[in-house]
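Structural overview for review
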Amino acid sequence: MHKICSRNVGFHGQSVTINCYGAGSVDLVDFLFSDLLVEEESVPHAVYDVLFAGSHPMISLWRDDRSLYFGESRYDLAFILLNEVTFQCITDNSAGHAIHAAAVGYWEGAILMPGESGAGKSTLVSWLVANGANYLTDELVILAEETSLLHSFTRPISIKRGSAAVVSSFIPVNEADLLTGLNGFMLPHRQAGSNFIPAATPPLSHILFPRHIPNAPPSITRLSSGLGCSKLLECYVNARNIKGHGISQIANITRKTPVFELTYSSFDGLREIFAETFPALLTEEKSKN
Amino acid sequence: MDKTQKFSPNPDFTVEKFDNEILLYAVSGGNGVYLNETAWLVWEMCGKGHSVAEIITILEEAYPEHKDSIDADVTAAIESMTGKENSPLLPIHA
C-alpha cells in the first residue's frame, strides 16, 4: 500500500513517527496530533503505521510487525494510538516531571489538575475551557525541572460516554467534528473554546486536585504543602527516571505553588467558587450564558 | 495492640519535611505516607527505641492537656504506619 505521508509527533524532546497509508489516515493522525508535531530531526522512539483500506475502510494500527488494532472504529484506533504515543513520550524521559493531569492556562500561568483516569479531569477542563480558560491538556504534562514551565500533551479532549451529555450541555458540539466510539468521543480542542494558544508553555501557578463527590456542594479548600506533595506523587508517572525518584523536587514544587482541592458534584455554583479563588481565570462574557 | 511492642523506622523510606508535617516515601515501593505532627513524633520516638507504652507516657507528660486523647492518637498513628507489606515502621521481634 502506498504511504501518503509521515508525521513526527511528541513533546518535550520525545517523539514517534507515524506513517499514514490510505485515504483518511492522515486526517485521523492530524486530528489527534496537530498540536504535537515536532521537528523531523528528533530521533523517534518508535515507528507506527496507520492503514486505511477500502471504501468503508478496515483500519489497522501497527508497530513494526505487531498489530495493535484491526477493525472499523477510528475512535478505538485513536484511543490506542494516543496511549502508545503518551507512553513513548514519558517512558525514558528524565528531563522533567511527568504528571498525569489536566491543565488550563490564563494570564497568571497554568493551573495543574492532577488525577487518575476517571477522576473527571476531561469533563472539568471542558467546562473551564468553555468558560474562557486556555486549553492545555486533559491527560499529561511535563514540569520542567528548573523553570516549573509546564509542557502539555495537547490532544483532543477525550470524553467518556457517561459524561457526554453534560459536556454537550456547555460546549456546542457538532457531531461531524467529533471522533465518536462506543465508549465516548474525542472533541477537537481548538473548537472547545475561543482562547486556545498553540504550543503554550506557561509557568505553573496553582495546583488543583478535583474531587467529584455525588451531592457534595462545591467548595475549594487550600491544602498544605505536605499533603499536596503526597497527592501529587500519586500522579507522578516517570518518578523512576529521576534521581531519588524526584521526591525532593516535587516537594519543592508544592512548597512554592499554592495547592487546592476542589470538591463538586455538578457545575452549578462552580463559577462563583472559581471566581473567588481564581478571579482572572474565567471570562465575564461567558458568565452570562 | 500490644503496648510493649517496639518498632523501628523502615530504612527504605526517605523523609521529606515541611513546616508542620512530614512525608515518608519509599523509593522501592513507590508509596508515600503523609504524617501529621503526632504521627511524626511517634515515628521519631520509635527510632529512639521506645515501646508504644513508653511513647504514650512521654507524650502524656509533655502534653497533659491532651492526656485523654493521646493513647488513641498514638495507637492510630502506629496503625497507619504498620501492617502493610512495605510499611514505614517495622516491628522489632524480641
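To keep things clear, this report deals only with the structure shown in the data block. A quick note: this is a predicted structure, and the numbers were derived from the prediction, not measured.

The helix and strand inventory of chain A stands at 8 helices and 16 strands. Since a compact globule built from 289 residues should have a radius of gyration of about 19 Å, the 19 Å found for chain A is in line with a globular shape. Buried residues in chain A amount to 55% of all 289 residues. Contacts in chain A between residues far apart in sequence, at least 24 positions, make up 67% of those at least 6 positions apart. With the model as given, the accessible surface of chain A reaches about 12,800 Å², and the carbon-plus-sulfur share is 51%. Across chain A, the mean location of the 20 positive side-chain charges is 5 Å away from that of the 28 negative side-chain charges.

What follows concerns the interface of chain B and chain A. Taken residue by residue, the interface counts 9 residues in chain B and 14 residues in chain A. Approximately 1,000 Å² of surface area, both sides summed, lies buried where chain B meets chain A, with 66% of it carried by carbon and sulfur atoms. Ranking the residues of chain B by area buried against chain A places Glu-16, Phe-18 and Tyr-25 of chain B at the top, with a combined share of 49%. Applying the counting rule to chain B against chain A returns 1 salt bridge. Between Glu-16 of chain B and Arg-255 of chain A there is a salt bridge, with its nearest N and O atoms 2.9 Å apart.

The next point concerns the packing of helix α1 (residues 37–47) of chain B against helix α2 (residues 52–62) of chain B. Residues and elements named next belong to chain B. At a minimum axis separation of 10 Å, α1 and α2 run at an interaxial angle of 125°. Overall, the two elements α1 and α2 adopt an arrangement that is oblique. Helix-helix and strand crossings are classified by hand; for α1 and α2 the assignment is right-handed. Touching Leu-41, Val-42, Met-45 and Cys-46 of α1 are Ile-55, Ile-58 and Leu-59, all from α2.

Definitions and cut-offs
- Residues numbered from 1 in each chain as written.
- Chains lettered and ligands numbered in written order.
- Predicted model: local features only at pLDDT ≥ 70, side-chain atom pairs only at ≥ 80, totals over all residues.
- Heavy atoms only, no water.
- Helix = DSSP H or I, 4+ residues; strand = E, 2+ residues; numbered from the N terminus.
- Rg over C-alpha atoms; globule rule 2.2 N^0.38 Å.
- Buried < 20%, exposed > 50% of the residue type's maximum accessible area, 1.4 Å probe, protein only.
- Contact = heavy atoms within 4.5 Å.
- Areas by Shrake-Rupley, 256 points an atom, 1.4 Å probe, with all protein chains shown as cover.
- Lys, Arg positive; Asp, Glu negative; His and termini not counted.
- Charge placed at Lys NZ, Arg CZ, Asp CG, Glu CD.
- Buried area = accessible area lost by both parts, 1.4 Å probe.
- Salt bridge = Lys/Arg side-chain N within 4 Å of Asp/Glu carboxyl O.
- Axes fitted to C-alpha atoms, helices over the stretch in contact; angles between N-to-C directions.
- Parallel < 35°, antiparallel > 145°, perpendicular 65-115°, else oblique.
- Left-handed = near helix turned anticlockwise from the far one by under 90°.

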